[in-house]
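# Remarks on the overall topology
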Amino acid sequence: MAGYRKLGRTSSQRKALIRGQVTSLLNNGKIVTTETRAKEVSKVAEGLIALAVREKDNFDEVEVTTKVARKDKDGRRVKEEKDGKKVTVFDEVKKTIKKDQPSRLHARRQMNKVLYSVTVNATGKKKDAKKVDVATKLFDEIAPKYADRKGGYTRIVKIGQRKGDAAMEVLLELV
């Protein structure tokens, strides 16, 4: 007996389906799907959340000095004339960044094997689209919320049967 549901698909299609739904669940907080898909997606999502909870505080804060382009009031780079050429002016800025320890880095890479990259486009224009790192969202937003919880990070609520094929539809959400 298999340890998973086949969902009537080939292995590559099944993996892509589960990856897509797990990414949507973690990015949006809830999805509507069939009951059998929800049970499979829930397994994968709970594993990723447990991994994030275990490694959420496993980083060092490091102060680094970087060069950042100076910008004018319109947000354009300031250019300066040097030796007959226009050169961008840079300022040195000190920043504090999070540096993952090896176990957290490994966890992040394990998550990125499952999760797709997400592009959020609020205005509908291509230039305004921004990428969201779902693994970072797991560590920074989702894991602290479930730090004191021992499993059971998702909830399945039955909605009713779908009109077309009478498949049981459910709402899969983060608790």
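Analysis parameters
Residues numbered from 1 in each chain as written. Predicted model: local features only at pLDDT ≥ 70, side-chain atom pairs only at ≥ 80, totals over all residues. Heavy atoms only, no water. Core = buried A, V, L, I, M, F, W, Y, C linked by side-chain atoms within 4.5 Å. Buried < 20%, exposed > 50% of the residue type's maximum accessible area, 1.4 Å probe, protein only. Helix = DSSP H or I, 4+ residues; strand = E, 2+ residues; numbered from the N terminus. Contact = heavy atoms within 4.5 Å. Phe/Tyr/Trp six-rings, centres within 6.5 Å; stacked < 30°, edge-to-face > 60°. Lys NZ or Arg CZ within 6 Å of the ring centre and 35° of its normal. Salt bridge = Lys/Arg side-chain N within 4 Å of Asp/Glu carboxyl O.

### Observations concerning the nonpolar core
- Residues Val22, Leu26, Ile49, Met111, Leu115 and Leu138 are the most contacted members of the largest nonpolar core, which totals 30 residues.
- Residue assignment for this core shows that the elements contributing at least two residues are α1 (11-28), α2 (35-55), α3 (102-114), α4 (134-145) and β9 (168-174).
- Here this core takes eight residues from α2, the largest share from any one element.
- Ile49 has contacts with Leu26, Leu138, Ile142, Tyr146, Tyr153 and Leu174, leaving out every residue within four places of it along the chain.

### Examining the packing of aromatic side chains
- On inspection of all chains with the given rule, the structure shows one aromatic pair.
- An angle of 55° between the planes, with centres 5.2 Å apart, marks the rings of Tyr146 and Tyr153 as tilted.
- Of the residues examined, Tyr146 reaches a relative accessible area of 2% and is grouped as buried.
- Between Arg19 and the ring centre of Tyr116, over which it is positioned, the NZ or CZ distance is 4.0 Å.

### Quick word on unusual backbone geometry
- Even without being glycine, Leu7 reaches a positive phi, approximately 60°.
- By secondary structure assignment, the location of Leu7 is in the segment before α1.
- For Ala166, which is not glycine, the phi torsion reads 60° and is therefore positive.

### Things to note about the pattern of salt bridges
- With the rule as written, the count across this model stands at 13 salt bridges.
- The closest approach of N and O atoms between Glu40 and Arg5, which form a salt bridge, is 2.9 Å. Taken together, the positions of Glu40 in helix α2 and Arg5 in the segment before α1 put the pair 35 residues apart, joining distant regions of the chain.
- Looking at Glu40, the relative accessible area reads 6%, which means it is buried.
- Judged by its relative accessible area of 31%, Arg5 falls in the partly exposed class.
- In this structure, Glu35 and Lys158 form a salt bridge, with 3.6 Å as the shortest nitrogen-oxygen distance. Here Glu35, found in helix α2, pairs with Lys158, found in strand β8 (residues 154-161); they are 123 residues apart in sequence, far enough to count as distant.
- Judged by its relative accessible area of 21%, Glu35 is partly exposed.
- For Lys158, a relative accessible area of 53% corresponds to the exposed category.

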